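Notes for the structure review
The residues making up each chain are set out below.
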Amino acid sequence: MYQARRPSRSEFIPIRHLDYHVRVWGEPSPDRPPLVLVHGWMDVAASWQFMVDAMGEDRHIIAPDWRGFGLTRGPATDNYWFPDYLADLDALLDHYAADQPIDLVGHSMGGNVVMVYAGVRPQRIRRLVNLEGFGMPATRPAQAPGRYAQWLDELKALRRGDMDLKAYDSLDGVARRLMKTNPRLTEDKARWLAGEWAQPDDQGHWRILGDPAHKVVNAQLYRLDEVQEVFARITAPLLSVTASDDSLGQWWKGRYTLEEYRQRLKVVTDLREAHLDDAGHMLHHDQPQALARLIETFLA
């Protein structure tokens, strides 16, 4: 099994009626701002371990489990709202870095969060990194009635148990699932990550540490015009990293493309772009050394 070179420690922080679980590496330094890493959908903070191990310098690194993921606990809910991630991050930074701008990295869903947060709270961000946080296809107002109906239908499906996540008979089963989703993930890393991504229940079945309510569609449409206004207010230098595998092409089948994503970023004043070879959407698993070098060079 993979052996972590820089083991993390767990902290639990009260944030907005939740008991937020945060992975922490290193110690605060007066010379360097904290580096905050936020994970994507159906992932956990421990997912950053491979990249943290590949970094050339020791830093104070903070990585939360988003609400409804990992070990973060709070009141039960039947759906999740994007603005809550912004408020959770804001409170998290109040706790760890109240008086200094931070370096902020987000992957996938977390990339979407950090982009919006950096436009809403530009003074809090020194450097910003977006790892395949593409956003969503543009929508039209005419889609709103159908979206609200879909949301109501999916809430009912969730209550029926139709959206429950699959349970696995063993840790090996979880590791095989991770490797099936990402064929580049090696067995040693898959087995290590499986123990962070899932836990056994009272019957000995391994269950993913993710609330199935995350599968319920957002009731409100993705408003590209609003997002662009927020992006235009980002003042921190931005590094956008994409992988060689075209995740957008796989997901949206031409409805939303990498070129459209790149056009959206042009409203950001200080933009740098990088491309990671031999990597898929989980690029921090596929190429942790190359990604760590990219990010550390950008943050220097």
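Further up the page is the structure itself.
Residues numbered from 1 in each chain as written. Predicted model: local features only at pLDDT ≥ 70, side-chain atom pairs only at ≥ 80, totals over all residues. Heavy atoms only, no water.

1. Things to note about the side chain of aspartate 90
Threshold: Helix and strand assignments come from DSSP, with helices taken as H or I runs of at least 4 residues and strands as E runs of at least 2, each series counted from the N terminus. We call two N or O atoms a polar contact when they sit within 3.5 Å, provided that within protein one can donate a hydrogen and the other can accept it, with sequence-adjacent residues counted only if both atoms are side-chain atoms. Residues count as neighbours in contact if any of their non-hydrogen atoms are within 4.5 Å of one another.
Here aspartate 90 shows up in helix 2 (residues 82-96). Reaching out from aspartate 90, the side chain makes a polar contact with the side chain of tyrosine 117 at a distance of 2.5 Å. Excluding its chain neighbours within four sequence positions, the residues that come into contact with aspartate 90 are Tyr117, Arg121 and Arg124.

2. Describing the pairing of strand 3 (residues 35-38)
To be explicit about the condition: Relative accessible area decides the class of each residue, using a 1.4 Å probe on protein chains only: under 20% of the type maximum gives buried, over 50% gives exposed, and in between gives partly exposed. Note on pairing: two strands pair once DSSP finds at least 2 bridges between them. Assignment of crossover handedness uses the view with strands pointing away from the viewer, where a clockwise path from the first strand over the helix to the second indicates a right-handed crossover.
On strand 3, burial covers both faces: Leu35 and Leu37 on one face and Val36 and Val38 on the other are all buried. Note that strand 3 and strand 4 (residues 61-64) share two bridges and pair parallel. Across the sheet, valine 36 pairs through a bridge with isoleucine 62, a residue of strand 4. With respect to chirality, the unit in which strand 3 leads through helix 1 (residues 49-54) into the neighbouring parallel strand 4 is right-handed. In the sheet, strand 3 pairs with strand 5 (residues 102-107) via four bridges, with the strands oriented parallel. Within the sheet, the bridge partner assigned to leucine 37 lies in strand 5 and is valine 105.

3. Quick notes on the layout of surface pockets
In this approach the atoms are scanned with a rolling probe the size of a water molecule, which exposes any empty space left behind. We apply this condition: Only protein atoms enter the 1 Å grid used here, on which a cavity is any set of points holding a 1.4 Å probe that cannot leave and a pocket is any open set flanked by protein within 12 Å on both sides along at least five of seven lines; residues with an atom within 4 Å of a point are listed as lining. Grid points are joined across faces, edges and corners, and a volume is the space filled by probe spheres set on the points. For this classification, the nonpolar set comprises Ala, Val, Leu, Ile, Met, Phe, Trp, Tyr, Cys and Pro, the charged set comprises Asp, Glu, Lys and Arg, and every other residue, Gly included, is treated as polar.
Empty space within the second largest pocket amounts to approximately 350 Å³. Along its surface, the second largest pocket is lined by 19 residues, and Gly68, Thr72, Gly74, Tyr80 and Asp211 are the ones closest to its centre. For the lining of the second largest pocket, the class distribution of residues is eight nonpolar, seven polar and four charged.

4. Focus: unusual backbone geometry
Unusually for a residue other than glycine, serine 108 sits at a positive phi of about 55 degrees. For serine 108, the location among the structural elements is in the loop between strand 5 and helix 3 (109-120). A relative accessible area of 15% places serine 108 in the buried class. Of note in this structure, lysine 253 is not a glycine but carries a positive phi near 50 degrees.

5. A short note on the sheet that holds strand 8 (residues 198-200)
So the rule is basically this: Working convention: axes come from line fits to C-alpha atoms, limited for helices to the stretch in contact. Angles between N-to-C directions cover 0 to 180 degrees.
Judged by pairing direction, the sheet is antiparallel, and its three strands sit side by side in the order 7-9-8 without closing on themselves. Among the strands making up the open sheet, the edge pair consists of strand 7 (167-168) and strand 8. Where strand 8 meets strand 9 (residues 206-208), three bridges bridge the pair, whose relative direction is antiparallel. Along strand 9, the bridge assignment pairs glutamine 199 with arginine 207. Along the sheet face, helix 6 (residues 187-197) touches strand 8 and strand 9 and points at about 70 degrees away from the line of strand 8.

6. Brief notes about the packing of aromatic side chains
Basically, it comes down to this: Only Phe, Tyr and Trp rings are paired, with Trp represented by its six-membered ring, and only when their centres lie within 6.5 Å; those with planes under 30 degrees apart are stacked, over 60 edge-to-face, the remainder tilted. Criterion for a charge above a ring: Lys NZ or Arg CZ within 6 Å of the ring centre, and within 35 degrees of the ring normal.
Enumeration according to the criterion identifies eight aromatic pairs in this entry. Across from the ring centre of phenylalanine 50, 5.1 Å away, lies the NZ or CZ of lysine 189, which sits over that ring.

7. A closer look at the pattern of salt bridges
Any two side chains of opposite charge can pair, on the condition that their charged atoms come close. This is how the line gets drawn: By salt bridge we mean one thing: a side-chain nitrogen of Lys or Arg within 4 Å of a carboxyl oxygen of Asp or Glu.
For the coordinates displayed, the defined rule picks out 24 salt bridges. The salt bridge partner of aspartate 103 is arginine 126, with a shortest N-O separation of 2.9 Å. In this pair, aspartate 103 is assigned in strand 5 and arginine 126 in strand 6 (residues 125-131), connecting sequence segments 23 residues apart. Under the relative-accessibility criterion, aspartate 103 is labelled buried at 0%.

8. So, the nonpolar core
Convention followed: Throughout, nonpolar core names a set of buried Ala, Val, Leu, Ile, Met, Phe, Trp, Tyr and Cys residues whose side chains join them through atoms within 4.5 Å.
By size, the foremost hydrophobic cluster in this structure holds 54 residues, and its most contacted members are Val36, Trp66, Leu89, Leu104, Met115, Ile125 and Leu128. Ranked by the residues each element gives to this core, the list is headed by helix 3, at seven residues. Once you skip the residues sitting within four places of it in the chain, valine 36 turns out to touch Ile62, Leu89, Leu93, Ile102, Asp103, Leu104 and Val105. Counting residues in hydrophobic clusters, the runner-up holds 26 residues, among them Leu37, Leu239, Leu291 and Leu299.

9. Things to note about the packing of helix 5 (residues 171-181) against helix 6
The test is simple: Note on convention: the crossing is left-handed when the near helix lies turned anticlockwise from the far helix by less than a right angle, right-handed when the turn is clockwise.
Two elements in contact, helix 5 and helix 6, have axes separated by 8 Å at closest approach and are oriented at 115 degrees. Crossing geometry of helix 5 relative to helix 6 is assigned as right-handed. Where helix 5 abuts helix 6, its residues Leu171, Asp172, Val174, Ala175, Arg177, Leu178 and Met179 lie against Glu187, Ala190, Arg191, Leu193, Ala194, Gly195 and Trp197. For the contact of helix 5 with helix 6, the class distribution of residues is nine nonpolar, one polar and four charged.

10. A short note on the sheet that holds strand 5
Hydrogen bonding along the main chain pairs the strands of a sheet, whether they run parallel or antiparallel. Spatially, the eight strands line up as an open sheet ordered 1-2-4-3-5-6-10-11, and their pairing is mixed. Looking at the sheet topology across the chains shown, the edges are occupied by strand 1 (9-15) and strand 11 (271-276). For this sheet, the mean angle separating the axes of adjacent strands, direction not counted, is 20 degrees. Both strand 2 (residues 18-25) and strand 4 contribute to a ladder of four bridges, which runs antiparallel. Note on strand 4: the bridge partner recorded for arginine 23 is alanine 63. Running at roughly 155 degrees to strand 6, helix 11 (residues 288-299) makes contact with strand 3, strand 5, strand 6, strand 10 (238-243) and strand 11 of the sheet.

Coordinates in, geometry out; function isn't part of it.
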